[in-house]
Structures are given as C-alpha cells and as structure tokens.
Amino acid sequence: ITRRLARGPVYFVGSDPRFRDALQTVFAPTGYGANVRPVIVGEDDPERIPEDAATFIMRRAHERLGDTPLTRRVVPVRRVFSDDLARELLRFVIRANMAAMAARPMTA
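Only a predicted model underlies this, so the values are computations on that prediction, with no experimental measurement involved.

Topic: helix 2 (residues 18-27)
Stage number 1. All of the buried residues along helix 2 are Phe19, Leu23 and Phe27. Burial along helix 2 is one-sided: seen end-on, the buried residues are contained in an arc of 50°. Away from its buried face by more than 90 degrees, helix 2 exposes Arg18, Asp21 and Thr25.
Stage number 2. Here the buried face of helix 2 lies against helix 1 (2-7), strand 1 (10-14) and strand 2 (36-40).

Here you go:
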C-alpha cells in the first residue's frame, strides 16, 4: 500500500466515519498521508472514484454497497488475522498490559 501511495492517490472505502482518522494515523508517518483518499459509504459518493484509481474496499463497505460498478471491479480487502488469531493477540495485549500495570509501584 505504501508503494502505491508513493505513486499517487489511493482510495480506501469504509463504512465507519472513524476510518478516516484511522487511515491518517496509519499512513501519515509514511509521508504519503496526502495521497490517502478515504470514502465512507453513506457519506461520500463511491462512484466518484476514478475507474483506474488504486482502490481498497473494506468487506463491510463492499456488502453495504451491494451490486454496483465499484463492487464489481474492486475485491474486498482480505482479513489479515483469523478470528482465533485476533482473539489470541488481544488476550496477549491485555495480559501484557495487566502485568505491566501490576509491576508498577503504587502512587498516591
């Protein structure tokens, strides 16, 4: 994705307005944040995305749009983690944070 952003605008179609900020948080440090083009289903018009533009569409956004020219040409982003792996990672993060908090000295 970073290589595509380096070449120009990349459209990201999501269903949650918080997705805009999340994209900037993730991609601003790359130096290519200006090329991030978030499109939120229900707020923005996905059909305004140029047909030849690099486009990523989240699964929920793809489902909400139904059968449209955009969903026929852009495949939803595959999940990176299975549900089981995501749960394991979350458990690890929670346990690690709890252990770190327990190791801190109590302050008044």
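Comments concerning the confidence of the model for the chain
Caution applies to low-pLDDT parts of the model: their predicted coordinates are not meant to be read in detail.
Stage number 1. The predicted model of the chain has a mean per-residue pLDDT of 90, with 96% of residues at 70 or higher.
Stage number 2. Of all the helices and strands in the chain, helix 5 (residues 83-103) carries the lowest mean pLDDT, 85, while strand 2 carries the highest, 97.

Here we look at the nonpolar core
Stage number 1. Grouped together as the largest cluster of nonpolar side chains are eleven residues: Tyr11, Val13, Val39, Val41, Ile49, Ala53, Ile57, Ala61, Leu65, Leu70 and Val74.
Stage number 2. Once residues lying within four places of it in the same chain are set aside, the contact partners of Ile57 are Val13, His62, Leu65, Leu70, Thr71, Val74, Val75, Pro76 and Val77.
Stage number 3. Listed in part, the nine residues of the second largest apolar core include Leu5, Val10, Phe12 and Phe19.

What counts, and at which threshold
Residues numbered from 1 in each chain as written. Predicted model: local features only at pLDDT ≥ 70, side-chain atom pairs only at ≥ 80, totals over all residues. Heavy atoms only, no water. Buried < 20%, exposed > 50% of the residue type's maximum accessible area, 1.4 Å probe, protein only. Helix = DSSP H or I, 4+ residues; strand = E, 2+ residues; numbered from the N terminus. Arc of directions from axis to C-beta. Contact = heavy atoms within 4.5 Å. pLDDT = per-residue confidence, 0-100. Core = buried A, V, L, I, M, F, W, Y, C linked by side-chain atoms within 4.5 Å.

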